[in-house]
Structure formats: structure tokens, C-alpha cells
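Structural characterization, general
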Amino acid sequence: MRYAYVNGRYLPHKDAAVHIEDRGYQFADGVYEVVTVKDGKLVDKQAHMDRLDRSLKELEIAWPVARPVMEMIMGEMIRRNGLRDGLVYMQVTRGVAPRNHAFPTGAVRPALVMTTKKMNFAKMTKFTDGVSVITAPDMRWTRRDIKTISLLPNCLNKQKATEAGCYEAWQVDPKDGTITEGTASNAWIINDKGELMTRPATHRILNGVTRLTILKIAEQEGVPFVERAFSVEEAKRAKEAFVSSATSFVTPVVEIDGQPIGDGKVGPVCKKLLAGYNEYAAGLRTEGAVWSDDIPADEAEADRAA
Ligand SMILES: Cc1ncc(COP(=O)(O)O)c(C=O)c1O
């Protein structure tokens, strides 16, 4: 049987449900995390838990259970669902209360839901063949650093990508034409100097845990990198490009808006970083993501602080 965890109980996945006045359901008032499971082990668990802690703090939602208990439930879900490869999804909302935009007063317990999903990473052709992306205007709010379940703009752009037969939509800041990130992943290019480029972690993107691990791998592999925003034009002129997320690892991008990137094939830097990431996920490398709560509002603030 497939199990889901809902507020203290392990239930058959098909019967699992939350209350209609859960604020997650009514206001998207909650946060989530997705942690990859490889060979039965959670990848970057600590960094994901640290990011969850920050997301909760930013929204003034308390932990629904103590952190070690959360980790215990994750382990139990993996065990009950016989999960070797796939993901653990966890969602925390502010809880159940009569509908009113302002936070409920009085003791409302945050709600916790957890599910798992089996995935066969070894069989996924995206890693070997690469994927196509489109670009689309970024329509989101100004606190994209918080991993909230409020994902409607992301869904709309992902739907556009799907309709275009593409894997992802790279979202573009309408003010300056730079790429922020994908709808469920971070965006990367290798520029004409051979430098790895990705946007710095500010309030304009979600700081991917996979992103942090890849930066560590780039360092180990001697791949030079710069954290700087890049435009759609720069991306289309890039030698290579890829997306990263807990379940995309390093997924090469071979086409943007129908235009081939480099020679239109998966390039050497992508291969090197993916190989490094796979070794890390398999426990053959140890140095990965270290989360930091300190995220500036924008690039200008980051520059002032530096
Ligand atoms: C908008 C967005 N950016 C980036 C990421 C990548 O984050 P991570 O590497 O922690 O999965 C995600 C993952 O879901 C995301 O939704």
C-alpha cells in the first residue's frame, strides 16, 4: 500500500485528505520541501531542513513537529513506501481556521502533510539527451526566496512550456530582460569564456539546495563560476546550459525558444557536473550544500554588503 502522512497519521494515499478550511487550501498559506531519495537515502537532508526552517520563520509559522520528529517521519515514509529512488514531499501550512485573511488568533496547530513518489532516475533520458526550454515573463511576487506552496504563476508558465513540448520555462524579469529561474528549477549557462553562470541568491529566486551543491562540485572540479544575472540573449549565445533541482539534478538544456545552444548537444561541463552530482548523491563525495539564512533582497543590496 502507498502511504501518506497527514497530521500525525499514516493513511492510505488514496484516502488522505485535509480539512476544507486548511489555510493552505484556501490561501496557499504554507511552505514545502522536496528532498530526493537515492538508493534509499535522503540527499542534502540538512540543507533542505534548514531552508524549511527559514521559510517557516519568514512566514511566522511554527514547526508542526520538532525537527528530529520531522526527520523521523521522513524515514518512516521511505520505509513504509519501500522507496529506493524518488522524492519525499512535505508541506506545512498555517493550519485550519475559519476563513479570514489575517492570521488566526489563538492556538492553531500548523498542518503537516508528507508524501513520497517513486522515480527511476537511471532510466531518464533527459540526463543524456538534454531538454528544451522556452522563455516566458516572470509574473511572480517579490519573495521568491521563500519556498511557498503559492505556485500559480509557476504552474501557468510550466503549462506554456508543456504546450510547446518543452521541459521548462525560463522566467524573464520584465524590467531588465534577465532570466530569474525556471518554474521549478534554477537556470545555468556556461558562457563564451567557459565560466559557469547562475543568478545570485536574492529574493528574486529560490536558492536551490541542488544549486548550492553544484557550486561546491564546480569548485572541486575546477570549473570557474560567477554568480550574476544573465539575459535571454546571453543564454542563447551560451556554450552550454542546464537546469538544476532536487529531481532534475543537472539536466542539460540543448535548446532555448527553438534555438540550439552551442552545437545543440549535451556539452562537457554539463556531463562533468552531472557525474559529480551523481557521485555526491551516491555518497561517493561528501561536500555538498550548506544553507545560509542570509539572503539579500536584490543584487544591489548584495553588492552594498560586499
Ligand atoms: C522556483 C524554483 N526554483 C528553484 C528550485 C530548485 O530548488 P532545489 O534545488 O532545492 O530543488 C525549485 C525547486 O522546486 C523551484 O521550485
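**So, the sheet that holds strand E2 (residues 9-12)**
Within the open sheet, the 6 strands sit side by side as E2-E1-E6-E5-E3-E4. Their pairing is antiparallel. At either margin of the open sheet sits one strand with a lone partner, and together these are E2 and strand E4 (41-42). With respect to the sheet, helix H3 (residues 67-80) is in contact with strand E1 (3-6), E2, strand E3 (30-38), E4, strand E5 (86-93) and strand E6 (111-118), its orientation differing from that of E6 by roughly 35 degrees.

**Comments concerning the packing of helix H6 (residues 209-221) against helix H8 (residues 268-281)**
Between two packed helices, what matters for the description is the angle formed by their axes and the separation of those axes. Interhelical geometry of H6 versus H8 gives an angle of 110 degrees and a closest axis separation of 10 Å. By the angle between their axes, H6 is roughly perpendicular relative to H8. Crossing of H6 over H8 shows right-handed handedness. Only Lys272, Leu273, Gly276, Tyr277 and Tyr280 of H8 make contact with H6, whose side of the interface consists of Thr210, Thr213, Ile214, Ile217, Ala218 and Glu221.

**Quick look at the layout of surface pockets**
The volume enclosed by the largest pocket comes to roughly 1000 Å³. What lines the largest pocket is a set of 47 residues, among which Tyr32, Lys147, Leu151, Thr183 and Ala184 lie closest to the centre. For the lining of the largest pocket, the secondary structure elements donating two or more residues are helix H1 (23-27), E3, helix H2 (45-58), E5, helix H5 (152-163), H6 and strand E12 (240-245). The element contributing the most residues to the lining of the largest pocket is H5, with 4 residues.

**Looking at the pairing of strand E9 (residues 186-190)**
Across the 5 residues that make up E9, a large majority, 5, are buried. Burial along E9 is two-sided: Asn186, Trp188 and Ile190 facing one way and Ala187 and Ile189 facing the other are all buried. Pairing geometry for E9 and E12, over 5 bridges, is antiparallel. Residue pairing in the sheet places Trp188 in a bridge with Phe242 of E12. Bridging between E9 and strand E10 (residues 196-198) involves 3 bridges; their strand directions are antiparallel. Following the sheet pairing, Ile189 is matched in E10 by Met197. The turn linking E9 back onto E10 is made up of 5 residues, and Gly194 within it adopts a positive phi angle of 85 degrees.

**Regarding a nonpolar patch on the surface**
Together, Met139, Leu152 and Leu156 line one region of the surface with nonpolar side chains, adding up to about 310 Å² of accessible area. If you trace the backbone, Leu152 turns up in helix H5.

**Topic: the environment of Glu279**
Within the fold, Glu279 resides in helix H8. By relative accessible area, Glu279 is classed as partly exposed at 32%. The residues touching Glu279, leaving out its near neighbours within four places in the chain, are Leu284 and Arg285.

**Section: the confidence of the model for the chain**
Looking at the chain as a whole, its pLDDT mean stands at 97, while 100% of the residues score no less than 70. For the chain, per-element mean pLDDT is lowest for helix H9 (residues 299-305), which scores 82, and highest for E9, which scores 99.

**A few points about the packing of H2 against H3**
Relative to each other, H2 and H3 sit at 130 degrees, their axes nearing to 12 Å. Taken together, the axes of H2 and H3 lie oblique to each other. For the pair H2 and H3, the crossing hand works out as right-handed. Contacts between H2 and H3 pair Lys45, Gln46, Met49, Asp50 and Leu52 from the former with Arg67, Met70, Glu71 and Met74 from the latter. Residue composition of the contact of H2 with H3, by class: 4 nonpolar, 1 polar and 4 charged.

**A short note on the domain arrangement of the chain**
What the domain assignment reports for the chain is domain 1 (3-119) and domain 2 (126-299). Once you take the C-alpha centre of each, domain 1 and domain 2 turn out to be 25 Å apart. Contacts between the two partners involve 27 residues from domain 1, matched on the other side by 27 residues from domain 2. Counting each side, the surface lost to burial between domain 1 and domain 2 is near 2200 Å², with a carbon and sulfur contribution of 60%. Considering only the surface of domain 1 that becomes buried against domain 2, Tyr32, Arg51 and Arg54 emerge as the three largest contributors, covering 32% of it.

Each value, and the rule that gives it
- For every chain, the first residue of its written sequence is number 1, and the numbers climb from 1 along that sequence.
- Confidence filtering applies because this is a predicted model: local features only for residues at pLDDT of at least 70, side-chain atom pairs given and counted only at 80 or more, and all residues used for totals across whole chains, interfaces and linings.
- Derived side-chain values reflect all non-hydrogen atoms in the structure, with water molecules and hydrogen atoms excluded from consideration.
- We treat two strands as partners when DSSP finds at least two bridges between them.
- Starting at the N terminus, helices and strands are each numbered in turn, a helix being any DSSP run of H or I of at least four residues and a strand any DSSP run of E of at least two.
- Note on contacts: a residue pair is in contact if any heavy atoms of the two residues lie within 4.5 Å.
- Here the axes come from fitting lines to C-alpha atoms, over the contacting stretch only for helices, and the angles between their N-to-C directions go from 0 to 180 degrees.
- The scheme is simple: roughly parallel for angles under 35 degrees, roughly antiparallel for over 145, roughly perpendicular for 65 to 115, oblique for anything else.
- Here a crossing is called left-handed whenever its near helix is offset anticlockwise from the far helix by less than a right angle, and right-handed whenever the offset is clockwise.
- We place a 1 Å grid over just the protein atoms. Points where a 1.4 Å probe fits but has no way out form a cavity, open points with protein on both sides within 12 Å along at least 5 of 7 lines form a pocket, and any residue with an atom within 4 Å of a point lines it.
- Grid points are joined across faces, edges and corners, and a volume is the space filled by probe spheres set on the points.
- Only protein chains enter the accessibility calculation, which uses a 1.4 Å probe; a residue is then buried when its area is under 20% of its type maximum, exposed when over 50%, and partly exposed in between.
- Here the term patch refers to residues with relative accessible area over 30% and no salt bridge, with like charges joined within 9 Å and nonpolar side chains (Val, Leu, Ile, Met, Phe, Trp, Tyr) within 5 Å.
- Surface accessibility in these figures is a Shrake-Rupley result with a 1.4 Å probe; residues are shielded only by whichever protein chains are displayed.
- One speaks of a salt bridge when a side-chain nitrogen belonging to Lys or Arg is within 4 Å of a carboxyl oxygen belonging to Asp or Glu.
- Confidence per residue, as judged by the predictor, is encoded in pLDDT with a range of 0 to 100.
- Residue polarity follows a fixed list, in which Ala, Val, Leu, Ile, Met, Phe, Trp, Tyr, Cys and Pro are nonpolar, Asp, Glu, Lys and Arg are charged, and the others, Gly among them, are polar.
- Those domain boundaries reflect an automatic or database domain assignment.
- The quantity reported as buried area is the accessible area (1.4 Å probe) lost by two parts once they are put together, taken as the sum for both.

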